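An overview of the molecular structure
Okay, here's what each chain looks like letter by letter:
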Amino acid sequence: MPEGRILIVEDEHIVAMGIKRMLKSLGYTLAGVASSGEDAINKTESTFPDLVLMDIMLKGDMNGIEAAKEIKTRFDVPVVYLTACSESKIVEHAWKAEPLGYIVKPFDEKDLQKGIDVALHRHRVEKHELENGSNYAEKYFEKSEKSIEKCEKDPRKFSGSVECTESL
């Protein structure tokens, strides 16, 4: 059975109930359902979920991106966006809040489970590394920088564009 208490933030009741049904079917525990950014923050504070599934476009004064930033800052709870929005400016703004995932509506149970599992795993790894003073990120970036330098020195041309196939 999957581990994880999940808070759903969705302002459309029918959609929220569908997500709730999927979560229960997948074996997750529901921490609650919120319908606004303010409600999401309050419910995160009172239920302290393991993950928040956040719709970006919410009714009210606070959108999902603003709520996600506050939840991450105040409670260190990971957020996965659930949205039908694909407008590039909004997506770019959403990523600045550093969510651990982005699931595009409509989605099925497999998409939902993969998104949740990846986000929970990443959050556990990041937390473990912070607690243990791991320098994994530093090593990763050093390796990335070396690969980029190698690519810059020896670019390979494909179809008139410059690309490097060096894996990071």
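For the structure itself, look to the data block above.
On a predicted model such as this, the values are computed, not experimentally measured, just so you know.

1. Digging into unusual backbone geometry
Each neighbour pair has its own omega, and for Lys-105 with Pro-106 the value is -5°, a cis peptide bond. Note that Pro-106 resides in the loop between strand E5 (101-104) and helix H5 (109-131). Its identity as a non-glycine residue notwithstanding, Phe-48 has a phi of 40°, on the positive side. Among the structural elements, Phe-48 can be located in the loop between helix H2 (37-47) and strand E3 (51-55). One non-glycine residue, Asp-76, lies in positive phi territory at about 55°.

2. Structural notes on the pairing of strand E4 (residues 79-83)
With five of five residues buried, E4 is to be regarded as a mostly interior element. Pairing analysis gives four bridges linking E3 to E4, with the strands arranged parallel. From the neighbouring strand, Asp-55 faces E4, where its bridge partner is Leu-82. Crossover handedness for the path E3 to helix H3 (residues 64-75) to E4: right-handed.

3. Points about the sheet that holds E3
Pairing is parallel in the open sheet, where five strands are placed in the order E2-E1-E3-E4-E5. The open sheet is flanked by strand E2 (29-34) and E5, the only strands paired with a single partner. Ignoring strand direction, the axes of neighbouring strands in this sheet form an average angle of 20°. Strand direction decides the pairing type here: E4 and E5, joined by four bridges, are parallel. Bridging from a neighbouring strand, Val-80 pairs with Gly-101 of E5. Contacts between helix H1 (residues 13-26) and the sheet are confined to strand E1 (5-9), E2, E3 and E4, with E1 contributing the most and set at about 165° to the helix. Where H5 meets the sheet, its contacts fall on E1, E3, E4 and E5, and the angle it forms with E3 comes to roughly 130°.

About the thresholds
Residues numbered from 1 in each chain as written. Predicted model: local features only at pLDDT ≥ 70, side-chain atom pairs only at ≥ 80, totals over all residues. Heavy atoms only, no water. Helix = DSSP H or I, 4+ residues; strand = E, 2+ residues; numbered from the N terminus. Buried < 20%, exposed > 50% of the residue type's maximum accessible area, 1.4 Å probe, protein only. Pairing = 2+ DSSP bridges. Right-handed = clockwise from strand over helix to strand, strands pointing away. Axes fitted to C-alpha atoms, helices over the stretch in contact; angles between N-to-C directions. Contact = heavy atoms within 4.5 Å.

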